[in-house]
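Summary of the model geometry
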Amino acid sequence: MSETPPTESRLRLRAVLNAQFTVILAVCLVAAAVGGGLVYTTHVDPGTETETRTVSSLTVESEYVHSAEVTEPNSVFDTGTVLDGRNTYFTRVAPVLDVAVETSYAADAASDVDVSFESVLVIRNVASEGGTVYWDERETLTTETVSGVEPGETAVASFALNSSEVDATASEIESELGASPGETETFVETDVTVEGTINGEETSSTRPIEMTLDHGGDTYTVSEPGLQSDTLDEQTERVTVERSYGPLRSAGGPLLLLVGLAGAGGLAYARRAVDLALTPAEREYLSYRDDRSEFAEWITSIRLPESVHERPEAEASTLRDLVDFAIDNDTGVVEDPATDAYHAVTDEFVYTYAPPTLAIEGDEGDKDGEGGGGNEGDGEDGGYEGEAAPGAADDEAN
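Residues numbered from 1 in each chain as written. Predicted model: local features only at pLDDT ≥ 70, side-chain atom pairs only at ≥ 80, totals over all residues. Heavy atoms only, no water.

**Quick word on the overall build of the protein chain**
Operational definition: Numbering of helices and strands runs from the N terminus; a helix is a DSSP stretch of H or I covering at least four residues, while a strand is a stretch of E covering at least two. Residue burial is assigned from relative accessible area. The probe radius is 1.4 Å, only protein chains are included, and a residue is buried under 20% of its type maximum, exposed over 50%, and partly exposed in between. In this description, contact between two residues means that some pair of their heavy atoms is separated by no more than 4.5 Å. Every accessible area reported is derived by Shrake-Rupley at a probe size of 1.4 Å, with residue values counting cover from the shown protein chains alone.
Each helix and strand counted, the protein chain has seven helices and 16 strands in total. Classification of the 398 residues of the protein chain by burial places 35% in the buried group. Long-range pairs, those at least 24 residues apart, make up 72% of the contacts in the protein chain between residues at least 6 apart in sequence. As presented, the protein chain carries roughly 22,200 Å² of accessible surface, and 47% of it is formed by carbon and sulfur atoms.

**Observations regarding helix 6 (residues 319-328)**
Quick note on the threshold: Note: the arc covers the axis-to-C-beta directions of the helix.
Of all the residues in helix 6, the buried ones are Leu319, Leu322, Val323 and Ala326. What you see down the axis of helix 6 is that its buried residues fit within an arc of 95 degrees, all on one side. As for helix 6, its buried residues are in contact with helix 5 (280-294), strand 12 (299-301), strand 14 (333-336), strand 15 (341-345) and strand 16 (350-353). Following helix 6 by one or two positions, Asp330 has its phi on the positive side, about 55 degrees.

**Some words on the confidence of the model for the protein chain**
For the record, the criterion: Known as pLDDT, the predictor's confidence for each residue is given on a scale from 0 to 100.
Averaged over all residues, the pLDDT of the protein chain is 82; the fraction at 70 or higher stands at 86%. Here helix 7 (residues 392-397) stands out as the element of the protein chain with the lowest mean pLDDT, 36, in contrast to strand 7 (residues 155-162), whose mean of 95 is the highest.

**Considerations on the sheet that holds strand 10 (residues 219-223)**
Stated precisely, the cut-off is as follows: The criterion for strand pairing is that DSSP finds at least two bridges linking the strands in question. Helix axes are fitted only over the stretch in contact, all axes being lines through C-alpha atoms; the angle between N-to-C directions runs from 0 to 180 degrees.
The strand order across the open sheet built from six strands is 3-10-9-8-5-6, with neighbouring strands paired in antiparallel fashion. What marks the edges here is a single partner per strand, and that holds for strand 3 (88-90) and strand 6 (133-146). Taken pair by pair, the neighbouring strands of this sheet meet at an average axis angle of 20 degrees, ignoring direction. As defined by bridge partners, strand 5 (residues 110-126) adjoins strand 8 (residues 183-198) across 15 bridges and the pair is classed as antiparallel.

**Looking at the environment of Asn125**
The following threshold applies: Two N or O atoms count as a polar contact when they lie within 3.5 Å, although within protein this holds only if one can serve as hydrogen donor and the other as acceptor, and sequence-adjacent residues are included solely when both atoms are side-chain atoms.
Along the chain, Asn125 falls in strand 5. The spacing of Asn125 and Glu137 is 12 residues in sequence and 9.3 Å in space, taken between C-alpha atoms. Setting aside residues up to four positions removed in sequence, Asn125 forms contacts with Thr132, Val133, Tyr134, Trp135, Ser180, Pro181, Gly182, Glu183 and Thr184. Looking at Asn125, its side chain comes within polar contact range of the side chain of Thr184, at 3.0 Å.

**A word on the side chain of Gln228**
Mapped onto the elements of the fold, Gln228 is located in strand 11 (residues 228-242). A polar side-chain atom of Gln228 sits 3.3 Å from a polar atom in the side chain of Arg207. For Gln228, the contacting residues outside a window of four places in its chain are Val60, Glu61, Ser62, Arg207 and Ile209.

**Points about empty space enclosed by the protein**
For clarity, the threshold we go by: Using a 1 Å grid laid over the protein atoms alone, points where a 1.4 Å probe fits but cannot get out form a cavity; open sets with protein on both sides within 12 Å along at least 5 of 7 lines form a pocket; any residue with an atom within 4 Å of a point counts as lining. Grid points are joined across faces, edges and corners, and a volume is the space filled by probe spheres set on the points. Residue polarity follows a fixed list, in which Ala, Val, Leu, Ile, Met, Phe, Trp, Tyr, Cys and Pro are nonpolar, Asp, Glu, Lys and Arg are charged, and the others, Gly among them, are polar.
Evaluation of the coordinates by the stated rule reveals one cavity of 30 Å³ or more. One number sums up the size of the largest cavity: a volume of about 60 Å³. What lines the largest cavity is Val60, Ser62, Val192, Val194, Ser205, Thr206, Arg207, Asp230 and Leu232. Sorting the residues of the lining of the largest cavity by element identifies strand 1 (48-69), strand 8, strand 9 (201-215) and strand 11 as the ones contributing at least two each. No other element matches the three residues that strand 9 contributes to the lining of the largest cavity. Residues of the lining of the largest cavity, tallied by class, amount to four nonpolar, three polar and two charged.

**Section: the pairing of strand 5**
Looking at chain direction, strand 5 and strand 6 are connected through 12 bridges and run antiparallel. Residue pairing across strands places Phe117 opposite Glu144, the latter belonging to strand 6. What sits between the antiparallel neighbours strand 5 and strand 6 is a turn of six residues, in which Gly130 has the positive phi angle 95 degrees.

In structure tokens, the structure reads:
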């Protein structure tokens, strides 16, 4: 037995195209129209859009840099060693914390810019809930101004904190008051001011940053926010630019246009060059193939002995009729590989269905699919090949 003839897929394609010709053609034309519209609006006349651009801005960056020098002999660090960038320092061997506040700015144009620093040590007692400040002590650590700072240049203000003295000051205040209702905290607050002619305008901007100092007896911990960056005095303008599209639309439009036109042209050519409508024989063949696939589990391929064919033979019009008969009479359907015919055998009769055979254009005389050996015919209309189907003459006689 051979597999499904290669013409079956073409027959089914013709059937679909013939039944849905108008719908498929409409889809192709719509796709071509949409693709053409996308091509025009994307590549020919994309239009314009208005967008906002930043023409100038002032960005200020500030951070604390801290270190402590080892001043007391010990078995771990040499005297004079600088411990820097740590979260925790040792009070006994390196009690003094050296702090620098570093600030730089970025601007398109600037002149006569001054950067001012004012750092204040704050010791206060605050309620854990509600934020009530019971007392606070403020001490100015440094007030410094750096003049003529250029964009990208770093201005620095430095000061030192003795952790032991800070802790002693807090303890003394608590002792004098006789009570500490809240939590005592210590931090440095620095106001950084940048002022001057920036981007053609007189500008003055102040931003506070904080660094916390937590004394834990033999150690003290420094918590600082890292690099703080703020964009200030941003100037924008509205500009009209040509609209741009992504690669999906840029490539998808031409592709959709090409597919739509090719599909519509192919349909028109197929209808003009090929008769899409199936002949009765082609429809019968596809009906047989559908039945063969649907009832495959009821059919067994067996070569029948000659004695079986000595019984009277009855012809079934379709494979479906033969299978229905076999099921009703509790017998099986046999496909004889010698003849490609289907049989249902009972005690008295043999019931037979001979499948139709299609002529294959350009391949006359070859065996065609499961339909059996077809004889040479005209092969041009997709119908039966001469006397290819067993029992065909009896059907006509009946």
